Amino acid sequence: MWKYLARRFTYMVFTVWVITVISFVLIQLPPGDFVTNIVSRMISSGGRELTPEYEAQLRALYGLDQPVYVQYYKWLRNIVLRGEFGWSFEYRRDAVEIITERMPMTASISFFSFLFVWIVALPIGIYSAVRQYSIGDYVFTFLGFIGLAVPSFLLALIFLYISQRFFGQAMIGLFSLEYADKPWSWAKVVDFLKHLWIPAIMIGLGGTAGLIRTMRANLLDELNKPYVETARSKGLPEFKLLLKYPVRHALNPFVSTIGWMLPSLVAGEVIVAIVLNLPTSGPVLYRALQQQDMYVAAGFILLLSVLTVIGTFISDVLLAILDPRIRLQ
Amino acid sequence: MSKSVTGAPRYAESEHVEIEIASQWRLMWWKFKRHRMAVVGGIIVLIYYLVALFAEFFAPVHFTTYKEEYVYAPPQTIHLFRNGKFDPYVFGYRFERDPASFKKIWYIDESVIIPIGLFQRGEPYKLWGIIPGNIHLIGPRNPEDPFYLMGADKSGRDIFSRIIYSSRVSLTVGLVGVAISLFLGILLGGLSGLLGGAVDNIIQRLTEILISIPTLPLWLALAAAVPLDWSPLQVYFMITIILSLIGWTGLGRVVRSKFLALREEEFILAATLDGVPLGRMIFRHMIPSFLSHIIASVTLSIPGMILGETALSYLGLGLRPPVVSWGVMLQETQKVAVIANYPWLLFPALAVIVVVLALNFLGDGLRDAADPYQAK
Amino acid sequence: MSDETLVEVQDLKIHFFTDEGVVRAVDGVNLTVQRGKTLSLVGESGCGKSVACRALLHIVHPPGRIVSGKILYHRRLDNGLSETVDIADMDPKGREIRDIRGKEIAMIFQEPMTSLSPMYTVGSQIMENILLHTNMSKKEARALTIELLAKVGIPKPERLVDEYPFRLSGGMRQRAMIAMALSGRPNLLIADEPTTALDVTTQANILDLMLELQKQYDMALLFITHDLGVVAEIADEVAVMYLGRIVEKADVDTIFNAPMHPYTQALLRSIPKIAMKREELDPIKGMVPSPYRRPGGCPFHPRCTKALPECSTIVPAITKLNENHLVECLLYEDLATRKAMERPS
C-alpha cells in the first residue's frame, strides 16, 4: 500500500509541477509584458509616455530582461518561499491576497456540490441497477440525460429567469443583503448555507447525472458476479446482500470517479459564479482574464488545479483503504 | 466475415445445422434500432446539420437583417386555421411608449393579421455564397411584414433566423474540434497502447495532468490570450484547437485501452504468426475491430465541444460578433434585466440543449450497439 | 444406510422470458436425490443443468421463473419425525428458503477465482455463514472456521483465515469454498462443476476430499459436470440432461456399460479412452441448437443417428426399462399403444 501511495504521491508532485509550467505559460501568452502593461495603463489613465530608457530600466528592475526560464524560476520561488503570486494591476496588491480572499468560498461550494452529487447519485444509481428497465429506471435515465445535456451555466441562466419571473427578484449572490459586508458570524454562516444550495445543485447536476450512470453500470456488472451467487446461496437477506457485496464492490470505481469529477465541479463553479455573480473565484478570474491581469489569472488556475490534484490524491488514498487488492499490493 | 443472412435453419433433412450469420455492422444496426431514444436523437441531429447546411433557405431572413422599429419585439405564435380553413397566419404588433423610460412596450395586435406560408419568396440570398435564390422555407406572404417567431433582439434582428445561421458555427466547432481530438487521440492513444513501456507511461501522465486541470478556467485563460485583432476565421480555429487540446484525452484513453485489449486477442496473435506486417495489422485488423467504439466516443465528445464554445462565447472570450453562434447570441443575456424583460433571448439555449441531448442519446445508442456480441 | 429420499424434483419447468422469446431452459425435469448418495447431472454446456440445480435453492435469475413443478425437500426433524416442504413454492427472498440455503442445502461453484469476494477475508466469508445460521459468538465461529479450514486441508489455517482470497491459489480457494459449504453441516451439497476450472492434479485432490467429507458428514451430493471421467469416479447415480430434459437416468454402472439413449451413447463415444486404438474420436454431429429454436418432437432428433420419422413430431415419454433405469426415447416406447391411447382424444 505504501508503495502504491508513494507512487501516486510522486505523480501528484509531478502533476503539480507541470501545472505550474502551464500556468506560467499562460502568464506569458498575451502579447506584451508587465511593463508594456504598465505603460498602456498609464497612457489610458492620462499619464505621459515613458522614455524607452526608463522602460528598459523597469524591465531590468522586474527581471523581465532575463531569459524565460529564469523568470519562471523566480516566479515559482516567490510562490513557494514567500507565497507571492505576482502583482495585480487591477487591485494594486499581490495576487495572493485576492486569491485567498475568494478561494475558501470556491472550495466550500465545490465541496457541497460534491456532497450533493454523492448523496443523490449513490442511492439512485443503486436503485436504477437493481430495478433495471423499471419505470423508475427509465425516468432517472431520462432525467440523467437532461442533467448531462444542460450545462450548469445555462441552468443558472434559466434559474435567473425563473426567479426573476416568479419571485420578482433575481436570486443571486451568496448572502442576504444584511450580511453581505458583515464579518463572519454564526448568523452569517446560516445565511450562507441558506443560499449555498442553489449554486451547489446547479453545479452538481451534470456530475450527478454522470455518476448515476457510472454507478448503475458498475453495479449491473457486479450483480451477476459469482460471489453474489455464493453469498445468496448462504441465505443472506437480499438487502444486506446487496449492500455488503455488489454495492461494496461497485463503490471502488465510484471512489475513483472523484478524480474526474472534481475538475468538472470546479469548472462548473467558476462559470456558475460568473453568471450568478457569486463572491467566489469565478468572477475575479473572469475579470482578470478580460483585463489580462495575468498573475491573478494564473494564480487562480494554479490553485484550482492543485486543489483538484489533491482531491484526486485523496481519492487514491481512499481507494487503497477500501480495496484490499490495492492495499496489499 | 460473411455478409449473408441465411433463413431459419431446417433440421429435418439437412445433414448439418446451419448457423445464422450476420455481419458486424448489421448486428450493430439491429441493436441500434431497438434503442428508440437513440434513433430519435439521430434524426434530430440529422435535421440540425441539414438546417445548418441550408441555413439560407431555412432562415426567413439573413442574420444581419435588422428592422430598427421592431427592437425587442416579442415572439409571434403561428395560428393554422382562419375562418375554419387552413390558412396559417401570425398577429401583428402595436406598441406604447413607457412614459418614464420612453421605451417601447410591445403588444400583440390581434386586429392585424399577417398571412404566412411555406416556400415564400423573400429576401434574396446566395446559398453557400454561390447559388442565388430567394425562396425561404417559411415566411410572411408580404416580405415587408414583421415576422419574428422567436422574437427580435436589441437591433430588431430575427432571433429564429440568427439561431439557424448560428448552427453553422456552433455545430462545426464540434466537428472540427472532434476531428483534431480524434487525430491526437488515435495518434497518442495508439502509440501508448501499441508501444507500451516508457512511451505509454509518459502519455498516460500527460493525459492525467490534462484531465486534472479544470477545463473551463484553462479554456478561458487560453481564449483570453487570443489577440483581439485576429480575424474571425483565425479566432474560430484557435477556439477549436483550444477545445480539442483537452478533448483528445478521452478518445486517447478509449483507443489505448482497445489496443491493449487487442494485443491479447487471439486473432491478432494469429495474424502475427502469419507474418502480417505491423501497418497492415493496425489498419486491416485492429482499427476495424474498434471503429464502432471510436464512432460512439466521437459522437459523445461533440456535445462537450459545443458546450465549450457556447460557454466561451457567452463570456465574451470565444467568438465575437459579427460572427454568430449560439454562445455569441447568449452574450446579450449576461444582464439580469435583459433576461427578465426579454426572456426570448434565451431561445439559443434551447437550441443548444436540444442538440446536446440528441447527440448524447445518439452516442449512447451507438456505444451500446458497438458491442453487438455483448448481452445486455 | 437406508435408501431415503432427500429431494424430489417433479416436472420442474423454468422458463426465461426474454425480448427475443421464451427460452425453456428447464422443461419438465424429474430428479431424486437419496440421502447420503451422489447423483451426477451430466450434459453439454447450455443444457440447463446449472439452472436446474440452482433452483434447488430457489435461486433463479430474472428473466427466468419457475413456471411449474415441485421441489420436495424431506427434512428430518429433531423429534425423529420428518416433514416435507416444497422449495419451488417458497418466496425466493423469504425467511423460509434463506434458512435452508447455506445450512441444509449448500452449494459450491465452478469459478473458485470469482466465487469469493476479494473485498473480505476468506475467514470472514466463512464465518458469515456460521453466524447466519447458528447462535455462535464471533469467537466460536472463528474457531470453527479454523477447524473447518484444517479439515479441508488448508495448511496453517490460523494464518490463512485472515488472508484475502486473491492471495490463494485456485485449489486453495475451492477448498475454502468447501469449508464454507460444510460450515452449516448440510444434508445436501450441490457442486456445479467444482473442478472444471482447476488443473488435473488439483482436480483429483478436490474430488478425493469431497468424497471423504461426504462420508464423514453423511451428505447427499448433487454433482453437476460435463466430464464423464469425473462421473465414473464419483457418482452413484447418473442423470443425463439434454436441452432442458433428463433423457436417461440410471446407476453409474448401467450408464457406462449399457447406455440406452442415443444421446448417452453418443456422449460416451465422444470421450477418448486410454486403451483405445488409434481410432478417430466420434464427436456428436451438429451443434446444440439455439435455445430460441428448439426442435419439435424429441429435442435430440436432428442430431440423432437412430432417429425415426416420428421423432420430429412426437415428444417421447419416460420409459421405465427397469426399477433404476429410465429413458426418454421413442426407440423404447411402444408406439402402437401410444397411438392407440392418443386416438380417442
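This structure is a prediction, so every number in the text was calculated from the model and none was measured.

## Concerning the environment of arginine 75 of chain C
Residues and elements named next belong to chain C.
- In this fold, arginine 75 is placed in strand E4 (residues 64-76).
- On the basis of relative accessibility, which here comes to 17%, the residue arginine 75 falls in the buried class.
- Residues arginine 75 and threonine 5 lie 70 residues apart in sequence; the distance between their C-alpha atoms is 9.7 Å.
- Looking at arginine 75, its side chain comes within polar contact range of the side chain of glutamate 104, at 3.0 Å.

## Quick notes on the pairing of strand E6 (residues 105-108) of chain C
Residue and element names in this part refer to chain C.
- Taking every second residue as pointing to the same face, both faces of E6 are buried, with Ile105 and Met107 on one and Ala106 and Ile108 on the other.
- Note: E6 against strand E7 (residues 188-192), 4 bridges, orientation parallel. Note that in E7 the partner of methionine 107 across the bridge is isoleucine 190.

## Some thoughts on the domain arrangement of chain B
Residue and element names in this part refer to chain B.
- The domain architecture assigned to chain B consists of domain 1 (66-157) and domain 2 (163-369).
- Each of domain 1 and domain 2 has a C-alpha centre, and these two points are 37 Å apart.
- Across the boundary between the two partners, domain 1 contributes 12 residues, which contact 7 residues of domain 2.
- In this assembly, domain 1 packs against domain 2 so that about 820 Å² is buried in total across both faces, 65% of it on carbon and sulfur atoms.
- When the buried area of domain 1 at its contact with domain 2 is split by residue, Tyr72, Pro75 and Met150 rank highest and sum to 56% of it.
- For the pair domain 1 and domain 2, the interface holds 0 salt bridges.
- Here domain 1 is connected to domain 2 by 1 residue pair in polar contact (both at pLDDT 80 or more).

## Here's the deal with the environment of glutamate 269 of chain A
Residue and element names in this part refer to chain A.
- When you line up the elements, glutamate 269 lands in helix H12 (residues 258-276).
- Measuring from C-alpha to C-alpha, the distance between glutamate 269 and arginine 232 comes to 44 Å, with 37 residues separating the pair along the chain.
- Contacts of glutamate 269, omitting those with residues within four sequence positions, involve Thr106, Ile109, Ser110, Ile203, Thr280 and Ser281.

## So, a nonpolar patch on the surface
All names here are of chain B.
- Taken together, the side chains of Leu46, Leu50, Leu53, Trp128, Ile130 and Ile131 present a nonpolar region at the surface, about 600 Å² in accessible area.
- Ranked by residues supplied to the nonpolar patch, first place goes to helix H2 (residues 36-53) with 3 residues.
- Along the polypeptide, tryptophan 128 turns up in the loop between strand E3 (104-127) and strand E4 (131-140).
- According to the relative accessible area criterion, tryptophan 128 is partly exposed, its value standing at 42%.

Conventions adopted
- Residues numbered from 1 in each chain as written.
- Chains lettered and ligands numbered in written order.
- Predicted model: local features only at pLDDT ≥ 70, side-chain atom pairs only at ≥ 80, totals over all residues.
- Heavy atoms only, no water.
- Helix = DSSP H or I, 4+ residues; strand = E, 2+ residues; numbered from the N terminus.
- Buried < 20%, exposed > 50% of the residue type's maximum accessible area, 1.4 Å probe, protein only.
- Polar contact = N/O pair within 3.5 Å; in protein donor to acceptor, adjacent residues only side chain to side chain.
- Pairing = 2+ DSSP bridges.
- Domains from an automatic or database assignment.
- Contact = heavy atoms within 4.5 Å.
- Buried area = accessible area lost by both parts, 1.4 Å probe.
- Salt bridge = Lys/Arg side-chain N within 4 Å of Asp/Glu carboxyl O.
- Patch = residues over 30% accessible without salt bridge, like charges linked within 9 Å, V, L, I, M, F, W, Y side chains within 5 Å.
- Areas by Shrake-Rupley, 256 points an atom, 1.4 Å probe, with all protein chains shown as cover.

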